[in-house]
Amino acid sequence: MRISDRPIAAQLKELGVELVPCASMVEKTYLGIGGTTDILELRKHETIPDVIHLLKQEGIPYRLLGGGSNLLVADGELSFVALHLPTSQPGMRVEGNVAYVDAAADLGGTVTFCAKHDLGGMEGLIGVPGSIGGALRMNAGAYGTQIGTHVREVEMYRAATGKIEKLEGADIRFDYRHTSFAPDDLMLRVKLELPSKPFKEILAGIKVCNEKRRSSQPLNQKSAGCIFKNPQGGSAGRMIDELGLKGHHVGDATVSDRHANFFVNKGSASCSEMLQLIDDVRERVRKAYGVDLENEVIVWKN
Ligand code: EPU
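All residue numbers refer to positions counted from 1 along the written sequence of the respective chain. Restriction of local features to residues with pLDDT of at least 70 applies here, the model being predicted, together with a cutoff of 80 or more for giving and counting side-chain atom pairs; totals for whole chains, interfaces and linings are based on all residues. In computing side-chain values, all of the structure's heavy atoms are included and hydrogens and water are not.

S.K.: Kindly report on the site of the ligand, identifying the contributing residues and their values.
M.R.: The criterion for a residue being near a molecule or strand is simple. One of its heavy atoms has to lie within 4 Å of it. The local shell around the ligand holds 20 residues, among which Tyr143, Tyr176, Asn230, Arg238 and Glu296 are the closest. In protein, a polar contact requires one atom able to donate a hydrogen and another able to accept it; more generally it is a pair of N or O atoms within 3.5 Å, and residues adjacent in sequence count only if both atoms are side-chain atoms. The side chain of glutamine 217 places a nitrogen or oxygen atom 3.0 Å from an oxygen atom of the ligand. One of the side-chain N or O atoms of aspartate 241 is found 2.7 Å from a nitrogen atom in the ligand. For the ligand, the protein covers 73% of the area, taking 820 Å² as the surface of the free molecule. By the criteria applied, helices consist of DSSP H or I runs no shorter than four residues and strands consist of E runs no shorter than two, each listed in order from the N terminus. Contributing elements (two or more residues each) for the shell around the ligand: β15 (222-226) and α7 (236-242). When residues in the shell around the ligand are grouped by element, the largest group, three residues, is from α7. Split into classes, the residues belonging to the shell around the ligand amount to seven nonpolar, seven polar and six charged. All accessibility values rest on the Shrake-Rupley procedure with a 1.4 Å probe; residue burial counts only the protein chains present in the view. Each residue gets one label: Ala, Val, Leu, Ile, Met, Phe, Trp, Tyr, Cys and Pro are nonpolar, Asp, Glu, Lys and Arg are charged, and the others, such as Gly, are polar.

Right under this line is the structure:
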């Protein structure tokens, strides 16, 4: 969607928004799939309510783009613009056992930054790609760690009120890859409380998780991590593997040889090919196991 040549562009600029015209989602997502749209870089947190109010007034649909690590975007010209928070440096600070981190900060970078301040508890999240904002929204987790456990407060643009608000950690529900945030709530900053641990000990934990991940996941290929959530008490990856579907593909959209719940883009897969592969695998699992797998990957359809 192009708005850079419309009168609203000047109003957005006054609100401190930087417009990136015709950005390609191929470059903004880990899957390397998706069409084009204008991206609005939200440089001033305090003007976000006005920016969103303006977009609504003008009838311009929008989506919130985080790190792009868990996202499958439609092909072609998109029918919405994407809002994005630019990264500020360093975007995080520590006070005692508490870390204040900007939503745009890198999740892995946050884990190591906290480790250097002898704050642990997030070792399992080390190789999880993406931003802190995305991790909060999805309650990112791995190797027994979930970010929600450590959240004490979230500063956010709250869609329900149209205002920037602070929510206590206790008032937010963090479930398996799901939270009580509304889809159009925009995370701005988080306060994490973390246990004290010597840097060396944290580093040892990080190494173990890195090795586990390297040996079981296709880290050097274009993917969105796991495509499906695990069904209760089961493993989507194991079921897909048992059905002999590793290597199964639609065009360049391929079930990874390394981990069957990772679908990789081997070259120039389109969104429709990836969606076909997802539907096909879901159907085969349903037929064989009677289990309806739920997407873990976020899909932006047009
Ligand atoms: N397995 C297979 N074949 C495969 C993949 C897995 O047989 O191709 C088996 C494994 O041998 C193991 C079981 O399935 O016995 C579970 O596999 P794994 O330990 O790799 O964990 P997972 O349940 O597939 C989850 C998360 C990952 C996270 C890992 C490590 C989900 C959907 N996936 O994977 O998160 O990194 O545990 O904690 O919850 C993600 O969220 O995108 C993601 C990749």
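Still to come is the rest of the account.
S.K.: Describe the side chain of threonine 145, listing the residues and the values that go with them.
M.R.: Relative to the assigned elements, threonine 145 resides in strand β9 (residues 145-146). The contact definition used throughout considers only heavy atoms, calling two residues in contact when any of these lie within 4.5 Å. Not counting residues within four places of it along the chain, the set of residues in contact with threonine 145 comprises Gly121, Met122, Gly124, Leu125, Ala140 and His150.

S.K.: If you had to explain helix α8 (residues 271-289) to someone new, which residues and values would you point to?
M.R.: Here the expected length of a helix is defined as 1.5 Å per residue gap, with one fewer gap than residues. For α8, which comprises 19 residues, the first-to-last C-alpha distance of 26 Å matches the rise-based estimate of 27 Å (1.5 Å per residue) to within 8%. Burial here depends on accessible area, computed with a 1.4 Å probe over protein chains only, as a share of the maximum for the residue type. Under 20% is buried, over 50% is exposed, and the range in between is partly exposed. Residues Cys271, Met274, Leu277, Ile278, Val281, Arg282 and Val285 constitute the buried set of α8. Seen end-on, α8 carries its buried residues on one side only, within an arc spanning 130 degrees. If you follow the buried residues of α8, they end up packed against β4 (71-73), α7, β16 (249-250), β17 (253-255) and β18 (262-265). Glycine 290 lies just past α8 and shows a positive phi near 70 degrees. This arc corresponds to the set of directions leading from the helix axis out to the C-beta atoms.

S.K.: For the sheet that holds strand β3 (residues 62-65), give the residues involved together with the corresponding values.
M.R.: Note: two strands are recorded as paired if DSSP finds a minimum of 2 bridges between them. Taken in spatial order, the four strands make up an open sheet running β1-β2-β5-β3, and their pairing is mixed. Of all strands in the sheet, those with a lone pairing partner are β1 (17-24) and β3, marking the two edges. Between one strand and the next, the sheet's axes are offset by a mean angle of 30 degrees, whatever the strand orientation. The pairing of β3 with strand β5 (residues 81-84) spans four bridges and is parallel. From the neighbouring strand, leucine 65 faces β5, where its bridge partner is histidine 84. The axes are straight lines fitted to the C-alpha atoms, using for helices just the contacting stretch, and the angles between their N-to-C directions are given from 0 to 180°.

S.K.: Describe the sheet that holds β17, and please don't skip the residues or the numbers.
M.R.: Taken together, the four strands give an open sheet; going across it, the order is β15-β18-β17-β16, and neighbouring strands pair in antiparallel fashion. Looking at which strands have only one partner, the edges of the open sheet turn out to be β15 and β16.

S.K.: Hey, could you go over the nonpolar core for me, with residue numbers and the actual values?
M.R.: Nonpolar cores were defined as sets of buried Ala, Val, Leu, Ile, Met, Phe, Trp, Tyr and Cys residues, with membership established by side-chain atoms within 4.5 Å. Core analysis: the largest hydrophobic core is formed by 59 residues, its most contacted members being Ile3, Leu12, Leu40, Leu136 and Val154. With sequence-adjacent residues up to four places away left out, leucine 136 is seen in contact with Ile147, Val151, Val154, Phe174, Thr179, Phe181, Met187 and Val190. Counting residues in each nonpolar core, the second largest holds 24 residues, with Phe228, Ala236, Ile240 and Val285 among its members.

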